[in-house]
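Structural description and commentary
Next come the chains, spelled out residue by residue.
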Amino acid sequence: MSRIKAFVKKYREPILYILFGALTTLVNFACFWLFNDLLGRERYLISNIIAWIFAVAFAYVTNKLLVFKSKRFDLNTALREIPEFLAARLLSLGIEEGGLWLLVDKLGFGDFSFEFFKTQITGELISKLILAVIVVILNYIFSKFIIFAKKQK
């Protein structure tokens, strides 16, 4: 048991990032699935942007407070962190949107669809899953080394 505690203590930050990253991804996918169903599959890029907004709000709060323990709440910190966080997430959104367009429209993933446990799995959803891995890695790098980095005084 002490080895597990030591491991968790040593790798607390990456473990929490993976946990809250998974929850952020769940928020993103649930919103994407919902809006893709409501707006129609042909509007998958719009559904992705709406899902991104919900996921970014969730990610900012959990990353700031729980993962990177950024305890500063003054105006100057907020004026630095929030635009940096949004800029990094906009960059990863651009990568995801471009990747979705490439996979769905150009490489034909949009033609795929199958049922899994009474749930329709579409090519858009499969493409989003592939791109989620890339986006999570990029977002961790941006958050760890730029946005919530411990600043030297």
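By convention here, each chain's residues receive numbers from 1 onward along its written sequence. Owing to the predicted nature of the model, reporting of local features is limited to residues with pLDDT of at least 70; listing and counting of side-chain atom pairs is limited to 80 or more, with chain, interface and lining totals taken over all residues. Heavy atoms from the whole structure form the basis of all side-chain values; hydrogens and water molecules are not counted.

Attention now goes to the packing of helix α2 (residues 12-39) against helix α5 (residues 123-147). Two elements in contact, α2 and α5, have axes whose closest approach is 10 Å; the angle formed by their N-to-C orientations is 140°. The element α2 and its partner α5 pack so that their crossing is right-handed. Every residue of α5 that contacts α2 at E13, P14, Y17, T25, N28, F29, F32 and N36 is listed here: E124, L125, K128, L129, A132, V136, N139, Y140 and K144. Classes in brief: Ala, Val, Leu, Ile, Met, Phe, Trp, Tyr, Cys and Pro nonpolar; Asp, Glu, Lys and Arg charged; the others, Gly included, polar. Here the contact of α2 with α5 is built from residues that sort into 9 nonpolar, 4 polar and 4 charged. Axes here mean lines fitted to C-alpha atoms, for a helix over just the part in contact, with angles spanning 0 to 180 degrees between N-to-C directions. Helix and strand assignments follow DSSP, with helices taken as H or I runs no shorter than four residues and strands as E runs no shorter than two, numbered in order from the N terminus. Note: crossing handedness is left-handed where the near helix turns anticlockwise from the far helix by less than a right angle, and right-handed where it turns clockwise. Two residues form a contact once any of their heavy atoms are found within 4.5 Å.

A few words on the packing of aromatic side chains. The aromatic pairing rule takes the rings of Phe, Tyr and Trp, using the six-membered ring of Trp, and pairs them if the centres are within 6.5 Å, calling planes under 30 degrees apart stacked, those over 60 edge-to-face and the rest tilted. One pass over the structure, following the stated rule, counts 9 aromatic pairs. Relative to F68, the ring of Y17 has its centre 6.2 Å away and its plane inclined at 50°; by these criteria the two rings are tilted. Of this pair, Y17 sits in helix α2 while F68 sits in the loop between α3 (44-67) and α4 (75-106); the two residues are 51 residues apart in sequence, bridging distant segments of the chain. Assigned by exposure class, Y17 and F68 land together as buried. Pairwise contacts between aromatic rings join Y17, Y60, F68, F85, Y140 and F148 into one cluster. Charge over a ring is defined by NZ of Lys or CZ of Arg lying within 6 Å of the ring centre and within 35 degrees of the ring normal. Above the face of the F29 ring, K128 is positioned so that its terminal group lies 5.5 Å from the ring centre. One Lys or Arg, K128, reaches over the ring of F32 and ends 5.2 Å from the middle of that ring. Only protein chains enter the calculation, and the probe is 1.4 Å; a residue is then buried if its accessible area is under 20% of its type maximum, exposed if over 50%, and partly exposed in between.

Here we take up the packing of α3 against α4. Relative to each other, α3 and α4 sit at 145°, their axes nearing to 10 Å. In this structure, the crossing between α3 and α4 has a hand that is right-handed. When the residues that make up the contact of α3 with α4 are grouped by side-chain class, the tally is 15 nonpolar, 3 polar and 6 charged.

Moving on, we get to the pairing of strand β1 (residues 113-116). When DSSP finds two or more bridges between two strands, those strands count as paired. Here β1 runs beside strand β2 (residues 119-122); their pairing, made up of 4 bridges, is antiparallel. Bridging from a neighbouring strand, S113 pairs with T122 of β2. Connecting β1 to the antiparallel partner β2 that follows it, the hairpin turn spans 2 residues, and F117 within it adopts a positive phi of roughly 50°.

All we've got here are geometric facts, nothing functional implied.
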